[in-house]
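Summary of structural features
Listed here are the chains, written in short residue letters.
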Amino acid sequence: MSYAKSKKFYVDTINSIKNDGLYKDERVITSPQSGVVKVRFPEDAPEKTIINLCANNYLGLSSHPDVVKAAHDGLESRGYGMSSVRFICGTQDIHRELERKVSKFLGTEDAILFGSCFDANGALFEAILTAEDAIYSDKLVHASIIDGIRLSKAQRYIYEHSNMEELEEKLKTTQARIKLIMTDGVFSMDGDMAKLDKICELGEKYGALVVVDDSHATGFIGKTGRGTHEHFNVMDKVDIITTTFGKALGGATGGCIAGRKEIIELLKQRGRPYLFSNALMPAVVTATLKVLDILSQSTERRDKLEMLTKFWRTSLEAAGFELKPGNTPIVPIMLYDAKLAQAVSKDLYAEGIFAVGFFYPVVPQGQARIRTQMSAALDKKDLEKALEVFIKVGKKHNVIK
Ligand SMILES: *Cc1c(COP(=O)(O)O)cnc(C)c1O
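Figured I'd write up the structure that's included with this text. (Residues numbered from 1 in each chain as written. Predicted model: local features only at pLDDT ≥ 70, side-chain atom pairs only at ≥ 80, totals over all residues. Heavy atoms only, no water.)

Now for the pairing of strand 8 (residues 208-213). Taken across its six residues, strand 8 has six buried, putting it largely inside the fold. The alternating pattern of strand 8 places A208, V210 and V212 and L209, V211 and D213 on opposite faces, both of which are buried. Between the parallel elements strand 7 (residues 179-184) and strand 8, the chain passes through helix 8 (residues 196-205) in a crossover that is right-handed. Here strand 8 runs beside strand 9 (residues 240-244); their pairing, made up of three bridges, is parallel. Note on strand 9: the bridge partner recorded for D213 is T242. (Buried < 20%, exposed > 50% of the residue type's maximum accessible area, 1.4 Å probe, protein only. Helix = DSSP H or I, 4+ residues; strand = E, 2+ residues; numbered from the N terminus. Right-handed = clockwise from strand over helix to strand, strands pointing away. Pairing = 2+ DSSP bridges.)

Here it is as structure tokens:
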């Protein structure tokens, strides 16, 4: 068959995405990732220096000189690539060292590395659950969790976002050999935390495993940055944590599952993205090891992040913006309309602020927003400038008075 017929379908689909105001343009960065970056948009436009309010670079470690150096050292001492999955000939001493170190940091028994947290979530459910088991998950969990759950044969129960009564009702009225509660620690689009204390209580009451994806928490949530389980003081009650190295922990790539040692052992035998996808690049491993050292030595970065977050939230609220309630460095400004979110983002960009609009399908229809994120790479003066711009643009679009 010629391409013509299929091509029409793709062109129509793309056009309908554009007509709905849902088309995503990528802005091209020509500098390292940081609080202030150089951007070209459109791609052939002149370069512009702007304040970046939308990276997951929470701790400002993505371009930290010690982290970059550690990656160089890894490249020098262990080479570029492993050309193998872990179980054939892809396991170096540093892979095991990182598994032990990240596990210690998170307060778990052991850990297993993956190429990404997307892969970690793709591996987990299928490997440790069967049709006799059941998963209870929050409606707003990350896409990779939804996909991972689809790959398993376990029964599925979805509860409304953070609705603990509904979760309890489902745990109480359903039968399964192994019950597993799955939640994000911090929800990426709303910036709120799971009610992890209550979830752990229900886990105990109904004999269910508790699993948290702490991708938007590891490194900075909790007094010493261990994550939401530290924040809620339930470090010994969470059975499994999945998380990424691609956000606060240097931001390159990679992820892991940490938790009960039998589960980690089984994942090394059965986790498909572990068995059939390449070992983590040595330079990423040595750099992530360095990040964990930096975080274990001082809480300076997460403390700064907390200070900036408080400042940003209270300033925006005082200016009259409607925010999603929460206390994490994810600060979403609600606009509801996708086209408005696009227009606001465009004007912010013109004034030197990088903050993109989020709309369907990454958030529900009619829930469009500008998601801003704090970073220890920013300074208070960057936020003061950003605030001025937000007020100016907000007034122009009648978002605030
Ligand atoms: C970002 C994110 C992931 C994916 O992490 P990668 O390592 O980039 O694949 C998974 N889960 C959650 C909750 C995330 O926010």
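Structurally, R371 is set in strand 14 (residues 368-373). Despite its burial, R371 remains without a salt bridge, the nearest opposite charge being carried by D190 at 8.8 Å. Separated by 2.9 Å, the side chain of R371 and the backbone oxygen of S188 make a polar contact. In this structure the side chain of R371 is engaged in a polar contact, spanning 3.5 Å, whose partner is the side chain of Q373. If near-sequence neighbours (up to four positions away) are discounted, R371 is found in contact with L53, C54, N56, S188, M189, H216, I330, V331, P332, V356 and F358. (Lys, Arg positive; Asp, Glu negative; His and termini not counted. Salt bridge = Lys/Arg side-chain N within 4 Å of Asp/Glu carboxyl O. Polar contact = N/O pair within 3.5 Å; in protein donor to acceptor, adjacent residues only side chain to side chain. Contact = heavy atoms within 4.5 Å.)

What follows covers unusual backbone geometry. Following F41, the chain continues into P42 via a peptide bond in cis, with omega recorded as -5°. For P42, the position within the fold is in the loop between strand 2 (36-40) and strand 3 (48-52). Residue P361 is reached from Y360 by a cis peptide bond, and omega for that bond is 10°. With respect to the element layout, P361 can be found in the loop between strand 13 (357-358) and strand 14. Even without glycine at this site, S83 takes up a positive phi of about 50°. Following the sequence through the fold, S83 ends up in the loop between helix 2 (65-78) and helix 3 (86-90). Here N233, not a glycine, exhibits a phi torsion of approximately 60°, which is positive. Mapped onto the elements of the fold, N233 is located in the loop between helix 9 (228-231) and strand 9. Its relative accessible area of 66% is what places N233 among the exposed residues.

With that settled, consider the site of the ligand. Neighbouring the ligand are 13 residues, the closest being C117, D213, H216, T244 and K247. H142 has a polar side-chain atom sitting 3.4 Å from a nitrogen atom of the ligand. K247 places a polar side-chain atom, nitrogen or oxygen, 2.7 Å from an oxygen atom of the ligand. Protein contacts shield 83% of the accessible area of the ligand, which totals 380 Å² for the unbound molecule. Sorting elements by how many residues they give to the shell around the ligand places helix 5 (residues 117-128) first, with three residues. Looking at the shell around the ligand residue by residue, the classes come out as two nonpolar, eight polar and three charged. (Near = heavy atom within 4 Å. Areas by Shrake-Rupley, 256 points an atom, 1.4 Å probe, with all protein chains shown as cover. Nonpolar A, V, L, I, M, F, W, Y, C, P; charged D, E, K, R; others polar.)

Moving on to the sheet that holds strand 13. Judged by pairing direction, the sheet is antiparallel, and its three strands sit side by side in the order 11-14-13 without closing on themselves. With partners counted over all chains shown, the strands left at the sheet margins are strand 11 (330-336) and strand 13, one partner each. For strand 11 and strand 14, the ladder comprises six bridges, and the chain directions are antiparallel. If you follow P332 over to strand 14, its bridge partner there is R371. Helix 13 (residues 300-319) rests against strand 11 and strand 14 of the sheet, and its axis sits at about 25° to strand 11. Where helix 14 (residues 338-350) meets the sheet, its contacts fall on strand 11, strand 13 and strand 14, and the angle it forms with strand 14 comes to roughly 40°. (Axes fitted to C-alpha atoms, helices over the stretch in contact; angles between N-to-C directions.)

Glancing now at the nonpolar core. Soluble, globular proteins show a tendency: their nonpolar side chains are buried together. Ranked by size, the top nonpolar core spans 83 residues in total, and within it L53, W312 and F390 carry the most contacts. Counting residues per element, this core draws most heavily on helix 12 (residues 282-297), at eight residues. There are two domains that each give this core at least three residues, and those are domain 1 (20-52 + 299-396) and domain 2 (65-297). Within the second largest apolar cluster, 25 residues are counted, among which are I112, I135, L180 and Y274. (Core = buried A, V, L, I, M, F, W, Y, C linked by side-chain atoms within 4.5 Å. Domains from an automatic or database assignment.)

Along the chain, L292 falls in helix 12. Between the C-alpha atom of L292 and that of G352, which follows or precedes it by 60 residues, the distance is 33 Å. Setting aside residues no more than four positions away along its own chain, L292 makes contact with L98, K101, V102 and F105.

Let's shift gears to the state of the cysteines. This model, assessed by the stated rule, comprises zero disulfides. Distance from the sulfur of C117, which forms no disulfide, to the nearest cysteine sulfur (C256) is 7.7 Å. (Disulfide = S-S within 2.5 Å.)

The next point concerns the packing of aromatic side chains. Applying the stated rule across the entire model yields seven aromatic pairs. With a centroid separation of 5.7 Å and 85° between ring planes, the pair formed by F41 and Y349 is classed as edge-to-face. One end of the pair, F41, is in the loop between strand 2 and strand 3; the other, Y349, is in helix 14, and 308 residues separate them in sequence. Between W312 and F390, the aromatic rings sit 5.4 Å apart at their centres with planes inclined by 80°, giving edge-to-face as the arrangement. (Phe/Tyr/Trp six-rings, centres within 6.5 Å; stacked < 30°, edge-to-face > 60°.)

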